[in-house]
Amino acid sequence: MSRRWRVWIVLASMALGTFSAAGQSSAPAGAPSASQPSSSGEIKATLLHINDSHGQLAGPPGAMRTGGIARLATVVQQARQAPQSGTVFLVHCGDETSRGDALTMRSGGVANMTLMNYLKFDMMTPGNGEFYLPLPALQSWMKSARFPFLAANVTTADDKPLAESYIIRQAGPVRIAFFGLCFARDEELKADDLKLADALATARALVPRLRKQADVVVAVTHLGLLDDIVLANSVEGIDVILGGHTHTSLEHGYRAKGPGGAGVLICQAGDQYRYCGQVTLTFAPAEGGGYRISSATPRLIPLDEKVKPDPVVAAMLARLSGEGAARPASTRQTPPRRTGATAQPATTR
């Protein structure tokens, strides 16, 4: 069976409304989570995630421009201040520096990193767009980050990890393991003698180790929706997948099954700072000790005109835009822009 037919089978199996095309999400911007604090004292965490922002710091180009990192900052601040959010993690699932706006290209991603540091991102998995940069530029960008990069399946020519494979963070007493899986094209890897290991093989080796160290395992991937579904179906022990690469807007997430029958929630939040994805997790004590996810509620928050841009970030963006440029983003030829559509998630590469 061809890959294209497998894509359509996956799409046909989803309930009506699972996918939300850009601008069609009904979730009100900045609204409180549907999950309210539990009277039994359950522990909560909130995963805020974006992907494939492609350096469109002011939002997607257009006459009536919405979206953008200043609106994202408002949503992040609201979530962090809301008591019902619990511990908040801000996650980027890749493709921030590629094919960006004028500021992104002039600054070589320095402006993007400045703003991401200000928003206090918790982690990022590089997208294939990050590999458009020559390796020294990418490494410099990673070094300037005040948060870890996750790339369990990428090593350098001398077999050293490009970035951390995983991190473990706390949400109260709950231990959450986050690990990263990347995709890159052969020509980008060969240019810097990087090595890309198979994502499934990497996950099969790593996840059992993470299950011994953590209560919950979250994969932060830049693989594409179909490959995320295969990952969920093939590797036991993953609870949530925050993904990117196919620009898919999953308004209600996608509920997959692991090989042991356990549910795996897959999420993706469109592209170009149009949405902020949110997953509200509630934890309950597990049999034998530790904690388990008792509920997981995903949604998309449109970064539209209903969300007021954060004034500090808007001012930073204006100042950075007016200062000119530090250096060109890359001397490599950037591949043609791909059409990111919800109708063909696995073929948009």
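Note that the structure is a prediction, hence the values are computed from the model and not measured.

Draft legend 1. Inspection of the overall build of the protein at higher detail. When helices and strands are tallied, the protein shows nine helices and 13 strands. Within the protein, contacts between residues separated by at least 24 positions form 76% of all contacts whose residues are at least 6 apart in sequence. Total accessible area on the protein stands at roughly 14,300 Å², and carbon and sulfur atoms take up 54% of it.

Draft legend 2. Highlighting the sheet that holds strand 13 (residues 291-302). Within the open sheet, the five strands sit side by side as 3-2-1-12-13. Their pairing is mixed. A strand with exactly one partner marks an edge of an open sheet, and here the two such strands are strand 3 (123-124) and strand 13. Where helix 2 (residues 69-81) meets the sheet, its contacts fall on strand 1 (43-50), strand 2 (87-92), strand 12 (275-285) and strand 13, and the angle it forms with strand 2 comes to roughly 155°.

Draft legend 3. A look at the pairing of strand 1. Most of strand 1 is tucked away, with eight of its eight residues classed as buried. The pairing of strand 1 with strand 12 spans seven bridges and is antiparallel. Across the sheet, the residue bridging to K44 is T282, located in strand 12. Where strand 1 meets strand 2, six bridges bridge the pair, whose relative direction is parallel. Paired with A45 across the two strands is T87, which belongs to strand 2.

Draft legend 4. Region of interest: unusual backbone geometry. The backbone of D95 sits at a positive phi, close to 70°, despite the residue not being glycine. In this fold, D95 is placed in the loop between strand 2 and helix 3 (102-107). In this structure D95 comes out as buried when scored by relative accessible area, which is 0%. At H247, a residue that is not glycine, the phi angle is positive and equals roughly 60°. For H247, a relative accessible area of 3% puts it in the buried group.

Draft legend 5. Representation of the sheet that holds strand 5 (residues 166-171) in the model. Spatially, six strands are ordered 5-6-8-9-11-10 in an open sheet, and the strand pairing comes out mixed. Either end of the sheet is taken by a strand with one partner, and the two such strands are strand 5 and strand 10 (254-257). Taken over all neighbouring pairs, the strand axes of this sheet differ in orientation by 25° on average, direction set aside. Where strand 8 (residues 216-221) meets strand 9 (residues 240-242), three bridges bridge the pair, whose relative direction is parallel. Directly across from V220, in strand 9, lies its bridge partner L242. Relative to strand 6 (residues 174-181), helix 7 (residues 199-213) is tilted by about 165°, and along the sheet it contacts strand 5, strand 6 and strand 8.

Draft legend 6. Summary view of the pairing of strand 12. Burial runs high along strand 12: ten of the eleven residues are buried. Taken together, the eleven bridges between strand 12 and strand 13 define a ladder with antiparallel strand orientation. Within strand 13, the position partnered with F283 by the bridge is I293. From the end of strand 12 to the start of strand 13, which pair antiparallel, there are five residues, and G288 there has a positive phi angle of about 90°.

Draft legend 7. Spatial organisation of the state of the cysteines. Applying the stated criterion across every chain, the model contains zero disulfides. Free cysteine: C267, not disulfide-bonded; nearest cysteine sulfur from C93 at 9.2 Å.

Draft legend 8. Fine view of the packing of aromatic side chains. If you walk through the whole model with that rule in mind, you get four aromatic pairs. Look at W141 and F149: their rings are 5.5 Å apart centre to centre, the planes differ by 70°, and that puts the pair in the edge-to-face class. The burial state of W141 is the same as that of F149; both residues are buried. Ring geometry for F147 versus F149: centroids 5.7 Å apart, planes at 15°, classification stacked. By relative accessible area, F147 is classed as buried at 6%. The structure contains a cluster of three or more aromatic residues connected by ring pairs, namely F121, W141, F147 and F149.

Draft legend 9. Structural context of the confidence of the model for the protein. Looking at the protein, pLDDT values average 84 and 80% of them are 70 or higher. Between residues 1-39, whose pLDDT stays under 50, and residues either more than four places distant or in other chains, the model counts 84 contacts. Taken together, the stretch residues 324-349 has pLDDT below 50 and engages in 81 contacts with residues farther than four places along the chain or on a different chain.

Criteria and thresholds
- For every chain, the first residue of its written sequence is number 1, and the numbers climb from 1 along that sequence.
- With the structure being a predicted model, the display of local features is reserved for residues of pLDDT at least 70 and the display and counting of side-chain atom pairs for 80 or more, all residues being used for whole-chain, interface and lining totals.
- Only hydrogens and water are removed before side-chain values are computed, so all heavy atoms of the structure are retained for them.
- Under the DSSP-based scheme used, a helix requires at least four consecutive residues in state H or I and a strand at least two consecutive residues in state E, with every element numbered from the N terminus.
- Here a residue-residue contact requires only that any non-hydrogen atoms of the pair lie within 4.5 Å.
- Note that accessible areas follow from Shrake-Rupley with a 1.4 Å probe, and for residues the cover is restricted to the protein chains shown.
- Strands are labelled as partners when DSSP assigns at least two bridges between them.
- Every angle, taken between N-to-C directions, lies between 0 and 180 degrees, and every axis is a line fitted to C-alpha atoms, over only the stretch in contact when it is a helix.
- Only protein chains enter the accessibility calculation, which uses a 1.4 Å probe. A residue is then buried if its area is under 20% of the maximum for its type, exposed if over 50%, and partly exposed in between.
- In what follows, a disulfide is any cysteine sulfur pair within 2.5 Å.
- Pairing of aromatic rings covers Phe, Tyr and Trp, the last counted by its six-membered ring, and requires centre-to-centre distances within 6.5 Å; plane angles under 30 degrees mean stacked, over 60 mean edge-to-face, and any other angle means tilted.
- Each residue carries a pLDDT score, the predictor's own confidence in it, on a scale running from 0 to 100.

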